[in-house]
Amino acid sequence: MKKLGFGLMRLPTLNGKWEDIDLTASREMIDKYMQEGFTYFDTAYVYHGGNSEKAFGELVASRYPRESFVVTSKMPVGRMKETDTYESIFNEQLSRCQIEYFDYYFLHAIGKSLYERIEKEDGFGFLRRMKKEGKIKHIGFSFHDDAASLDKILTEHPETELVQLQINYIDWEDEGIQSRKCYEVCLKHGVDIAIMEPLKGGALVNLPQTAKDVFLEQREDMSIASWGIRYAASLKNVKIVLSGMSNMDQLCDNMSYMKEFEPLSESEHKAVEKAAEIIKSSIAVPCTACKYCIEDCPQNIAIPEYFAVYNNQHKFGLIPGLQFTFKNIATNRGKPSDCIACGNCEKACPQHIDIIENLKAVAKTFEK
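Residues numbered from 1 in each chain as written. Predicted model: local features only at pLDDT ≥ 70, side-chain atom pairs only at ≥ 80, totals over all residues. Heavy atoms only, no water.

**Digging into the overall build of the protein chain**
Turning to step 1, where the next piece is worked out: Helix and strand counts for the protein chain stand at 15 helices and eight strands.
Turning to step 2, where the next piece is worked out: Relative to the globule expectation of 21 Å for 368 residues, the C-alpha radius of gyration of the protein chain, 20 Å, shows essentially globular dimensions.
Turning to step 3, where the next piece is worked out: Seen through its C-alpha atoms, the protein chain measures out along the principal axes to roughly 60 × 50 × 45 Å.
Turning to step 4, where the next piece is worked out: Relative to its 368 residues, the protein chain shows a buried fraction of 52%.
Turning to step 5, where the next piece is worked out: Carbon and sulfur atoms make up 48% of the accessible area of the protein chain, which amounts to about 16300 Å² in all. (Helix = DSSP H or I, 4+ residues; strand = E, 2+ residues; numbered from the N terminus. Rg over C-alpha atoms; globule rule 2.2 N^0.38 Å. Buried < 20%, exposed > 50% of the residue type's maximum accessible area, 1.4 Å probe, protein only. Areas by Shrake-Rupley, 256 points an atom, 1.4 Å probe, with all protein chains shown as cover.)

What follows is the structure, encoded as structure tokens:
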């Protein structure tokens, strides 16, 4: 299996609405991806407001032989309502995806507090039962917490076959994300790894020019994005690297260097380390625009969009275009200053960002 996975969380959309997937553009991208010999799709119950799985069913499962693709989805444990059950959600997902089994199936976004709930509900037991019934081929989970918690889970659940981790060259030594430490825990337990956010939600594409120059001096023929994808794919025991591709250009670029993948050389690794130091000083808020934070925001604040504007301001200064963008966002959504500090966003944030304080900084900068 080729190591580039199609992450179905950032599909092209219509009118800028995350829930409204552009099915025509998505179909063209998926067909190109399959034609080039790539096979792995990653979706989830909550992606694109619930429409990602439906799009997969319509554009992949209903149009291609079952043996020609690999698909992963996830149980939304943290977002289940009181009336939901594991079985009801799972059956709905099979129906949405138009399949009879998942190749991989995860418990979604496990952390310390959620793991306690999963254990009480016997979440892993449910996965084992579905595997026994042939409805899941391989069991796993996506993870957003510290290495000690990951070690505990894998020790107590050796049936785990694949763990999805956030790994990229900026987060490798980050003490909040603990990418390296979590990666090493998986190696210790002999568990395969799927990598998400290798480009940190696109943050590792729009780099300061000085960082870009480091990469271009090393390899003029490689795109800036290629460094993040290849860095992740070069790690031992990595089965798949996901990329949330939003247009055909991104897809074709990724496929160009992943079709016949070459791991990073020693000199390329050194270039990544040098560029990473430059980049770290330019990112004000390490947001990946996953949008988990906005699900339960009572003030309807467009948190990722505001952070993107704020990060651009940090790089380029308060240029007129950014102020205009900010005003456009605030026209139909809550302003940063509308935050009531309820904390719902911070509980949901996989990056452990201090969202409340950063929204205050955004308000101070743009709401003058």
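Next comes the rest of the description.
**Quick look at the side chain of His157**
Turning to step 1, where the next piece is worked out: Locating His157 in the fold gives a position in the loop between helix 6 (147-156) and strand 6 (162-166).
Turning to step 2, where the next piece is worked out: Exposure remark for His157: the relative accessible area of 7% places this residue in the buried category.
Turning to step 3, where the next piece is worked out: Beyond its immediate stretch of four places on either side in the chain, His157 contacts Tyr115, Glu119, Phe124 and Arg128. (Contact = heavy atoms within 4.5 Å.)

**Details of the pairing of strand 8 (residues 238-243)**
Turning to step 1, where the next piece is worked out: Counting buried positions along strand 8 yields five of six residues, so the element is predominantly enclosed.
Turning to step 2, where the next piece is worked out: Pairing geometry for strand 1 (residues 4-7) and strand 8, over three bridges, is parallel. What sits directly across from Gly5, in strand 8, is Leu242.
Turning to step 3, where the next piece is worked out: In terms of strand pairing, strand 7 (residues 192-196) meets strand 8 through three bridges, oriented parallel. Across the sheet, the residue bridging to Ala194 is Ile240, located in strand 8. (Pairing = 2+ DSSP bridges.)

**Structural notes on the sheet that holds strand 7**
Turning to step 1, where the next piece is worked out: Strand order in the closed barrel made by the eight strands is 1-2-3-4-5-6-7-8, with parallel pairing throughout. Shown here is a sheet whose adjacent strand axes are inclined to one another by a mean of 30°, direction ignored.
Turning to step 2, where the next piece is worked out: As judged from the five bridges shared by strand 6 and strand 7, these two strands associate in the parallel manner. Opposite Leu165, over in strand 7, you have Ile195 as the bridge partner. (Axes fitted to C-alpha atoms, helices over the stretch in contact; angles between N-to-C directions.)

**Some details on the packing of aromatic side chains**
Turning to step 1, where the next piece is worked out: For the coordinates displayed, the defined rule picks out 21 aromatic pairs.
Turning to step 2, where the next piece is worked out: Summarising the aromatic geometry, the rings of Phe90 and Tyr105 are spaced 5.0 Å apart at their centres and angled 80° between planes, so their arrangement reads as edge-to-face. Separated by 15 residues along the polypeptide, Phe90 in helix 3 (residues 86-97) and Tyr105 in strand 4 (residues 102-110) bring together distant segments of the chain.
Turning to step 3, where the next piece is worked out: With relative accessibility at 0%, the residue Phe90 sits in the buried group.
Turning to step 4, where the next piece is worked out: The ring centre of Phe38 lies 5.9 Å from the NZ or CZ of Lys2, which sits over that ring.
Turning to step 5, where the next piece is worked out: When the ring centre of Tyr101 is taken as origin, the NZ or CZ atom of Lys137, which lies over that ring, is 4.7 Å away. (Phe/Tyr/Trp six-rings, centres within 6.5 Å; stacked < 30°, edge-to-face > 60°. Lys NZ or Arg CZ within 6 Å of the ring centre and 35° of its normal.)

**Describing the environment of Ser267**
Turning to step 1, where the next piece is worked out: One can find Ser267 in helix 11 (residues 266-280).
Turning to step 2, where the next piece is worked out: Sequence spacing of Ser267 and Gln218 is 49 residues, and the spatial spacing of their C-alpha atoms is 8.1 Å.
Turning to step 3, where the next piece is worked out: In terms of polar contacts, Ser267 uses its side chain to reach the side chain of Ser265, at 3.2 Å. (Polar contact = N/O pair within 3.5 Å; in protein donor to acceptor, adjacent residues only side chain to side chain.)

**Thoughts on helix 3**
Turning to step 1, where the next piece is worked out: Its 12 residues place the ends of helix 3 16 Å apart at the C-alpha level, agreeing with the 16 Å of an ideal helix rising 1.5 Å per residue.
Turning to step 2, where the next piece is worked out: For helix 3, the set of buried residues is Tyr86, Ile89, Phe90, Gln93, Leu94, Arg96 and Cys97. On an axial view of helix 3, the arc spanned by its buried residues comes to 165°, and they lie on one face.
Turning to step 3, where the next piece is worked out: Within two residues after helix 3, Gln98 carries a phi angle of roughly 60°, on the positive side. (Expected span 1.5 Å × (residues − 1). Arc of directions from axis to C-beta.)

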